[in-house]
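Here is how the chains run, residue by residue.
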Amino acid sequence: MTRNLITPAQNTWCPGCGNFAIQHTLKDILAGLEKEGRSLDDVVMVTGIGCHAKIADYLNINSVYTLHGRTIPVATGIKLANPKLTVICCAGDGDAYAEGLDHLIFAAKRNIDLTMIVHNNRVYGLTTGQYTPTSPLGFKGKSTPAGTTEYPFNPLELMLASGATYIARGYTRKMPQLAQLIRQGIAHKGFAFIDVLQICASFFNMTEYYQSRVYDLDGHDTADFEKACAKSREWDYNLDAPIALGVFFERALPTFDDRYPSRDMSVGERTRRIRDLFEAAR
Amino acid sequence: MKEVSVLVGGRAGDGINNAGAMVAQLLNHLGYFVYISIDYPSLIRGGHNFALVRAADKPVGAYNNRIDYLVALNQETLDLHIPHCPDCTVVANADLAKSIPSGQTISINAILKAESAPPITGNSAMIGAFAKVAGIPWEIVLEVFSRHMPKAADENLRVARRAYDECHTTRQVPALSGPPHSLLTGNEVIGCGLVAGGLTHYISYPMTPSSSLLHFLAGNAERLGITVIHPENEIAVILMGLGSAVAGARTAVGTSGGGFCLMTEGLSFAGMAEIPVVIVVSQRTGPSTGLPTYTGQAELQFVLHAGQGEFPRLVLAPADAGEAYRWSAAAMYLAWKYQIPAFVLSDKTLSEGTYSVDYDTLAELPVADPVLWDGQDPYLRYQDTPAGISPLAFPGRKDAIVKVNSYAHDEDGYTTEEAALVTLMTEKRRKKEVKLKEEMDRYPCVSVRGKADASTALLCWGSVRNACDEVATRLGLRVIQPVVLSPFPDQQFSAACQGVQHLIAVEENANGQLAALVHEHGGRVDVTVLKYDGRPFTPDELFLLVQEAIAP
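Computed from a predicted structure; not experimentally measured.

Asks: Mind showing me how you'd approach the nonpolar core here?
Replies: Most often, soluble globular proteins have nonpolar side chains that are buried together. Counting 183 residues, the largest nonpolar core has Met116, Phe191, Phe193 and Tyr210 of chain A together with Ile279 and Ile480 of chain B as the members making the most contacts within it. Considering every element that reaches this core, the biggest residue donor is helix H13 (residues 321–338) of chain B, with 13 residues. Residue-level mapping places this core at the junction of two domains, with at least three residues from each of domain 1 (19–251) and domain 2 (255–282) of chain A. Counting 51 residues, the second largest nonpolar core, distinct from the first, contains Ala19, Met22, Trp138 and Val173 of chain B.

Shown next, in the form of structure tokens:
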């Protein structure tokens, strides 16, 4: 049975919001998975809090609408409890890079098998326009009316340093490529990180800026860590530079969930073993 | 009560806990019930550590400062403890203790040299010496070493035997007729109880005094068929736990007060999203970093009120090993049946204390399994039902679309801000609390001990009850101990208070937190006896304080 992937929930994203592109890309990917014979019952989406996170209400699949910054620990718990599930995190840049940065680094360090899509519009939308960790220096937001006094960090470089085994950057106005990057991320066994540049139609519309600077990574060796580092530094999310899109790095490593074998044990056996522990303490 | 107390002291890093445990096993095999309290500063090497073993012909869970035998690995042990027990029988290590008022000494170094044994076996000499001084038959020493020191038992036994032969019996411990019991720490028993209650996943970040629960479950993960994870911080701990539960795994997390501060957003999420989770909070002295390795009971009100918003929660505070097992198992069952957070509130005294316990006496509460989705109608994660409990399905279940949500939501799990729906769903969660309270009324939520018809009663919770029991026995008082603190067992509590004219709250905090809870529920506490120096009440000390409170 093919399911209708869009829920009846009323969509409240602003007209022109980059989240629509991600939603429809994911919808197409899910429909594709179903066509290949995969059951969507085995897919779980985990979202944070912010404009991006409304996708949990809009896509008709299992979802956990968590807390701000906390997609990854929840997703990690799900994956450990049931490694058969395909777990996709959708997080915002405030979510993943500010409130939940520790979890992001640890997910990369652990190589937990999940896909992390960061809806990176480089501004807080739902709280109506404050700077985020990837806003450019001098960004004038409601909390920094005179302009930010700190540099953005480069999430790709950070993920390379943290051990992520799949690192890509997409852009919401290049949907076919974005679909390819996310599909490949889902297929990747390990921690797949995709930074998605999207515009915020209301608080940080970068369409023209991105349109004139993005280009596709071509002939880049995704197995070469040093080259991935160099490429990731080409644009630092601050100064003007060409912005590469595509897969920067990919490698195969054992995953966190693989290293925790599921331990099936009957209740009776567990009870016997508890009794043995008591006996040994006598 | 026949009783004997042994203090084993030395430097941190000298293996004092293990030496104390071996002494406890000797007394256990001599037929005694034992209790061990370990006292150590928050450091790894140096500093003074001691294990206090109290053995009696009745179950005990507290110690007094009266010491019958002082096993001193160094001079500091003698200097610190002899002033409090001038009549105690001393067994000392002559290598590090030079000024010994009386008693017997052995030279560990000389014994190790004579036996060509490694330094790690040195404490066996002290144990052997103690056994002889206390007149414990060699067969018991032999049995205890072979059962509890299986690694290099021969070498340790040779060392112990040489020390045993060098000493003579000066103060005989009378043998009792009881069988040996299992000696387990509160945290070990809590761990076993959680597993008995269905736990398959335990997640925790180290924090004294909860760490030994993490160590115990991690060390026995394969044996017990469970998964144990130590993530980046306590925020990750609780959220990983909630993710794990969403996917159907029965999960618990553990921490102390400071770590629990970081868990409160996750706790509130569990309340709103109706995710079952058991949270073990083992209290230490606060506020803030406080006294990491000492005890306290200052988190009751915190645990009762933590987290934004209102949602049902179960809070259980066991007093001893038996209760710790039973209620830890019950916390797992009840958290799942009602899809709520459930707390096991322990403290350093209970968590790190060692108790005599018997597996065969540990009855579990008859809690029913959680209601699962029958696969008929389209799945509604938050379906409203008469009991407020929505049938469970987990992602991966065929044809169930499971939508879990931290926002206010409708029965499907979609976000809503509609007033009527918000009211409905709040009332749905309230109904669960009412049902939970009804079910709890069938279980022994308030323990009444001591002289049941006494008009003066000691009101207490958690590990303090053990000292209260002894004082009540000596003074002919009643002891009232609510094990369940939320939902508060109003009916059982007032039944327990029938005929009480003088209610004395005994707590290890500065504000009388249980007394405040009782007031909130219409009870009346006449006087509070409080202690907040990080050390547990000793029965002797409490006896005097209660005497004063009764007849000021």
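Asks: Looking at this structure, I do not really get the layout of surface pockets. What am I missing?
Replies: Residues and elements named next belong to chain B. Here the second largest pocket is characterised by a volume of approximately 830 Å³. Looking at the second largest pocket, it is lined by 35 residues, and the ones nearest its centre are Pro59, Asp320, Arg449, Arg465 and Asp469. Looking at the lining of the second largest pocket, the elements with two or more residues in it are strand S2 (33–39), H13, strand S14 (354–357), strand S16 (446–450) and helix H16 (464–475). Per-element tally for the lining of the second largest pocket: the top contributor is H16, with six residues. By residue class, the composition of the lining of the second largest pocket is 13 nonpolar, nine polar and 13 charged.

Asks: Got a minute to help me understand the packing of helix H6 (residues 155–162) of chain A against helix H9 (residues 225–232) of chain A in this structure?
Replies: The axes of two packed helices give the description: the angle between them and the distance between them. Residue and element names in this part refer to chain A. Contact geometry for H6 and H9: axes closest at 9 Å, N-to-C directions at 155°. When the axis of H6 is compared with that of H9, the two are roughly antiparallel. Where H6 crosses over H9, the two elements pack in a sense that is left-handed. For the pair H6 and H9, the contacting residues are Leu156, Glu157 and Leu160 in the first and Phe225, Ala228, Cys229 and Ser232 in the second.

Asks: Which parts of the structure should I look at to understand the packing of aromatic side chains?
Replies: Given two aromatic rings, one states the distance between the centres and the angle between the planes to describe the pair. A full pass over the atoms with the stated rule returns 23 aromatic pairs over all chains. A ring pair is formed by Phe256 of chain A and Tyr260 of chain A, whose centres lie 5.0 Å apart and whose planes are at 70°; its orientation type is edge-to-face. Taking the relative accessible area as the measure of exposure, Tyr260 of chain A reaches 25% and is therefore partly exposed. The ring of Phe256 of chain A is capped by Arg110 of chain A, whose NZ or CZ atom sits 5.4 Å from the centre of that ring. The ring of Tyr294 of chain B carries the charged tip of Arg535 of chain B above its face, separated from the ring centre by 3.9 Å.

Quick notes on the rules
- Every chain is numbered on its own, with residues counted from 1 as its sequence reads.
- Chains carry letters from A onward and ligands carry numbers from 1 onward, assigned in written order.
- Per-residue local features of the predicted model are confined to residues with pLDDT of at least 70, and side-chain atom pairs are confined, for both listing and counting, to 80 or more; whole-chain, interface and lining totals are unaffected and use all residues.
- To get the side-chain values, take all heavy atoms of the structure and skip hydrogens and water.
- Buried Ala, Val, Leu, Ile, Met, Phe, Trp, Tyr and Cys residues that are joined via side-chain atoms within 4.5 Å together make up what is termed a nonpolar core.
- Note on classification: 1.4 Å probe, protein chains only; a residue is buried when its accessible area is under 20% of the maximum for its type, exposed when over 50%, partly exposed between these limits.
- By definition, any uninterrupted DSSP run of H or I lasting at least four residues is a helix, any uninterrupted run of E lasting at least two residues is a strand, and each is numbered from the N terminus.
- For each domain, the first and last residues come from an automatic or database assignment.
- Residues are called lining when one of their atoms sits within 4 Å of a cavity or pocket point, these points coming from a 1 Å grid over the protein atoms alone, where a cavity is a set in which a 1.4 Å probe fits but cannot get out and a pocket is an open set with protein on both sides within 12 Å along at least five of seven lines.
- Grid points are joined across faces, edges and corners, and a volume is the space filled by probe spheres set on the points.
- By the convention adopted, Pro, Cys, Tyr, Trp, Phe, Met, Ile, Leu, Val and Ala count as nonpolar, Lys, Arg, Asp and Glu as charged, and the other residues, Gly among them, as polar.
- Simply put, an axis is a line fit to the C-alpha atoms, just over the touching stretch for a helix, and the angle between two N-to-C directions goes from 0 to 180 degrees.
- Working definition: roughly parallel below 35 degrees, roughly antiparallel above 145 degrees, roughly perpendicular at 65 to 115 degrees, and oblique for all remaining angles.
- By definition, any crossing whose near helix is turned counterclockwise from its far helix by less than a right angle is left-handed, and any crossing with a clockwise turn is right-handed.
- When checking whether two residues touch, look at their non-hydrogen atoms; a contact exists if any pair is within 4.5 Å.
- Only rings of Phe, Tyr and Trp enter the pairing, Trp through its six-membered ring, and a pair is recorded when the two centres are within 6.5 Å. The plane angle decides the type: under 30 degrees is stacked, over 60 is edge-to-face, the rest tilted.
- A ring is considered to have a charge above it if a Lys NZ or an Arg CZ atom is located within 6 Å of its centre and within 35 degrees of its normal.

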